[in-house]
Amino acid sequence: MEPFPYPSRPRRSDRKRAEHAGRRLATGQDLTEGLAALGLAGLLVAGTRWLQTRGHLTAFPDLHVTAGGLVVAVVLLAGVRRLAWRSAAPVEEAPPGPPPATGPEPPAAEVGGGHEEPAERPAEPPPPVATAVPAPGPAPAPAGREPAPVPWDQPLPRRVAVSQRRTLLGLDLGTWRWRFVQVLPGAEGPTIVNAGEARAVARGPGNGADVRYAAGLRSFLGAFGVAQRRVVAALGGHGVLVRIVEFPPMSEPEVREAVRVEWDRYVPLPQEGTVHDLAVLGDGPARGAARVLLVAAPREAVLDTRRQLRQARLDLSALEVRTVALYRAVAANGYAPENDEAGALVTVDLGAGATEVAVFAHGFPVLQRVLQPGGLTLVQRVAGALGTDPAAAEAGLRRDGLRGEAGWVLRAELENLFLLVAQTVEFCLDRHAVPGVARVVLTGGVAGLLGLPELATEIITRELARRVGQESTEVVVGRPTRRVPLHPDLASSRPPMGPEFMLALGLALREAPPQ
């Protein structure tokens, strides 16, 4: 007897057509497309008859018009179905291989010896299993080992599922890095649901640079799944003025008029090219005096930031001073002193472009100073001393901090910087009659370097003890998640959030309801 033949596989086109027909039948596409084609044909017939009532196309009888409409419907339906069949997903093919074994040939039946036993049919091969292409992202961890955390400059494969309309977005447009923090207000306080960073696009003259900057910013936020368009941004640097001024008891409109009339007395910037605002804080230390917080910034810087965000399709909700936003993040995480008698709070923001020192007393900034060097200058000096490029110098600083070769290069620079911080604090304590320093909080990207907090504690504590007689000073690195929690899905996938996110967090918390 002949072996049982292996069943022939149908042609790929036939199988694809059958699969496609089944999908169309299940989803009702045939009925929908047929009705659409008949509707178009009906419109064509109605339009033709309307033209005939107007004296046009009278050479065509009604029967011909109706037949032509039906022909058009059939042609449209056939064309749509052909295009849909060609664009259908291909059917998985079974891997090539030999036909299954059929076993030994059964013995032939003897003549006159009863009936012939049918041959046993072999089992058909199992259907092929389609393998899905893995989504881009970090490689899966080996069995029994937790996956490695995803760095903050890489998007997560799966984002936290929250309503974007309810979130608050703070955007730190730094000189070297862009950072954002997205928080979700709740009954128990705000929660960080998204955050990220990326290398900033260089800004330069010309409209082309503005377009590249806006496109890069839009791409950065889109890669991290940010759909919220209302943002709070920051403004800082040498041109921004934050000052506490004392006035005689008067209303806020009178204070504004006094500032306008005596502008040169209070603001060392040209009045024509400056945007300013003020807030009456209350009674000052002097009897019968009102304390007023005065903030001024170059008009061109404000308009430039607004234009860049508008080109990136972002709605600027508020433009805030960096030091004020930093204090909000510091206070939200429990670093601010509990009472006024505890002393002043000092923030040292070690950014890429410069170092900003601010002294806060009674919850308000009483002094702000911009110092050099910034992080970019430190990286360039390390690269020059070690004979390497800035990218390699930055990578070495992030990896080894001040404990590697770069530490010996930067130690003198950082010692001078922290000496200037101590001098600034001494000047503020003498001028504003503040009892002492409760705490110094380090923020910014440079603050996270290994060994830098220990060096800052050594220099600042020694200098304040020598200058103002304060024996010990607490110097800490600001952590954005000390009191403001990360969403559980974010905390399980990311490393600990560093001090470089403090500014973005403070900006995001600007519109959060008070707790």
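Calculation notes
- Residues numbered from 1 in each chain as written.
- Predicted model: local features only at pLDDT ≥ 70, side-chain atom pairs only at ≥ 80, totals over all residues.
- Heavy atoms only, no water.
- Pairing = 2+ DSSP bridges.
- Helix = DSSP H or I, 4+ residues; strand = E, 2+ residues; numbered from the N terminus.
- Axes fitted to C-alpha atoms, helices over the stretch in contact; angles between N-to-C directions.
- Contact = heavy atoms within 4.5 Å.
- Parallel < 35°, antiparallel > 145°, perpendicular 65-115°, else oblique.
- Left-handed = near helix turned anticlockwise from the far one by under 90°.
- Expected span 1.5 Å × (residues − 1).
- Bend = angle between axes of the 7 residues up to and from the residue.
- Buried < 20%, exposed > 50% of the residue type's maximum accessible area, 1.4 Å probe, protein only.

1. Things to note about the sheet that holds strand E9 (residues 344–350)
Stage number 1. As summarised here, the arrangement of the five strands in space is E11-E10-E9-E12-E13, forming an open sheet in which the pairing is mixed. Both outer strands of the open sheet, strand E11 (364–371) and strand E13 (475–477), are each paired with one neighbouring strand and no more. The sheet shows a mean angle of 20° between the axes of neighbouring strands, taken without regard to direction.
Stage number 2. Both E9 and strand E12 (residues 437–443) contribute to a ladder of six bridges, which runs parallel. Directly across from alanine 344, in E12, lies its bridge partner valine 437.
Stage number 3. Across the face of the sheet, helix H11 (residues 405–432) comes into contact with E9, strand E10 (355–361), E11 and E12 while running at roughly 150° to E11.

2. As for the packing of H11 against helix H12 (residues 452–467)
If you want to describe how two helices pack, look at the angle between their axes and the distance between the axes.
Stage number 1. With their axes 9 Å apart at the nearest point, H11 and H12 run at an angle of 40° to one another. Considering their axes alone, H11 and H12 lie oblique with respect to each other. Here H11 and H12 pass one another in a crossing that is right-handed. Residues Arg411, Leu414, Glu415, Phe418, Leu419, Val421, Ala422, Gln423, Val425 and Glu426 of H11 touch H12, and the partners they reach there are Leu452, Leu455, Ala456, Glu458, Ile459, Ile460, Glu463, Leu464 and Arg467.

3. Some points on H11
Stage number 1. Its 28 residues place the ends of H11 41 Å apart at the C-alpha level, agreeing with the 40 Å of an ideal helix rising 1.5 Å per residue.
Stage number 2. Of all the bends in H11, the greatest, near 45°, is centred on arginine 411.
Stage number 3. Regarding H11, the residues found buried are Ala406, Gly407, Leu410, Leu414, Leu417, Phe418, Val421, Ala422, Thr424, Val425, Cys428 and Leu429.
Stage number 4. Immediately downstream of H11, the backbone of alanine 433 shows phi near 55°, a positive value.

4. Observations regarding the sheet that holds strand E1 (residues 168–173)
Stage number 1. A sheet is described by the order of its strands in space; here five strands give the open sequence E3-E2-E1-E4-E8, paired in mixed fashion. Two strands bound the open sheet, and with one partner strand each, they are strand E3 (191–199) and strand E8 (315–321). Taking each pair of neighbouring strands and ignoring which way they run, the sheet shows an average axis angle of 20°.
Stage number 2. Set on the sheet, helix H7 (residues 299–311) makes contact with E1, strand E4 (230–235) and E8; between it and E4 the angle comes to about 150°.
Stage number 3. The strands that helix H8 (residues 322–332) touches are E1, E4 and E8; relative to E8, the one it contacts most, it runs at about 90°.

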